[in-house]
Amino acid sequence: MKRIIVDLILLFFTLLLFALHQYAHLPSPLQLLAFKAMLVSAAILHAHIARKLLFKVQVDWSATKFTGGHYIAIAFYIVIIYAYAIGG
């Protein structure tokens, strides 16, 4: 939970920004930044939950030597976050 708390907070506040229709009052670059921040934080949460459900192997990130499980988890995070970040 402590790994995703920042993303939960960021997602909550950006969703609140859109839900209360305050998005239109921001300048265009901040609108883009807020939208991308919302997409990426949602992607991180999605990737984290999906990895926990799909890959039952516990990956030890403090290990000195990476295994195949580490590389699969990293690729999984990159693919999901990239897909969300480009708008989909």
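Data block above holds the structure.
Thresholds applied
Residues numbered from 1 in each chain as written. Predicted model: local features only at pLDDT ≥ 70, side-chain atom pairs only at ≥ 80, totals over all residues. Heavy atoms only, no water. Helix = DSSP H or I, 4+ residues; strand = E, 2+ residues; numbered from the N terminus. Rg over C-alpha atoms; globule rule 2.2 N^0.38 Å. Buried < 20%, exposed > 50% of the residue type's maximum accessible area, 1.4 Å probe, protein only. Contact = heavy atoms within 4.5 Å. Phe/Tyr/Trp six-rings, centres within 6.5 Å; stacked < 30°, edge-to-face > 60°. Patch = residues over 30% accessible without salt bridge, like charges linked within 9 Å, V, L, I, M, F, W, Y side chains within 5 Å. Areas by Shrake-Rupley, 256 points an atom, 1.4 Å probe, with all protein chains shown as cover. Salt bridge = Lys/Arg side-chain N within 4 Å of Asp/Glu carboxyl O.

Trainee: Would you explain the overall build of the protein chain in this entry?
Mentor: Scanning the protein chain from terminus to terminus reveals three helices and zero strands. In sequence order, the secondary structure elements of the protein chain are arranged as α-α-α. Its C-alpha radius of gyration of 16 Å places the protein chain more than 25% over the 12 Å reference for a compact globule of 88 residues. Expressed as lengths along the three principal axes of its C-alpha atoms, the size of the protein chain is roughly 50 × 25 × 25 Å. Out of the 88 residues in the protein chain, the part that is buried amounts to 24%. Partitioning the intrachain contacts of the protein chain with sequence separation of at least 6 by distance along the chain shows that 57% fall at a separation of at least 24.

Trainee: Just to check I follow, could you spell out unusual backbone geometry for this structure?
Mentor: If a residue is not glycine, its phi is most likely negative; likewise, a peptide bond is most likely trans. Within the chain, His 21 stands out as a residue other than glycine whose phi angle is a positive 60 degrees. As for its position among the elements, His 21 is in the loop between α1 (5-19) and α2 (28-54). Residue class for His 21 comes out exposed when judged on its relative accessible area of 63%.

Trainee: Can you walk me through the packing of aromatic side chains in this structure?
Mentor: Centre distance and the angle of the planes are the two values used to describe a pair of aromatic rings. Applying the stated criterion across every chain, the model contains four aromatic pairs. Aromatic pair Phe 18 and Phe 35: ring centres 6.3 Å apart, planes at 75 degrees, arrangement edge-to-face. With Phe 18 in helix α1 and Phe 35 in helix α2, this residue pair connects regions lying 17 residues apart in the sequence. Residues Phe 66 and Tyr 71 carry aromatic rings whose centres are separated by 6.0 Å and whose planes lie at 70 degrees to one another, so their mutual orientation is edge-to-face. Classification of Phe 66 as partly exposed rests on a relative accessible area of 32%. Among the aromatic residues, ring-to-ring pairing joins Phe 18, Tyr 23 and Phe 35 into one connected group.

Trainee: Hey, could you run me through a nonpolar patch on the surface in this one?
Mentor: On the surface, a cluster of nonpolar side chains totalling about 890 Å² of accessible area is made up of Met 1, Ile 5, Val 6, Leu 8, Ile 9, Phe 12, Phe 13, Leu 16 and Leu 20. Looking at the secondary structure, you find Phe 12 in helix α1.

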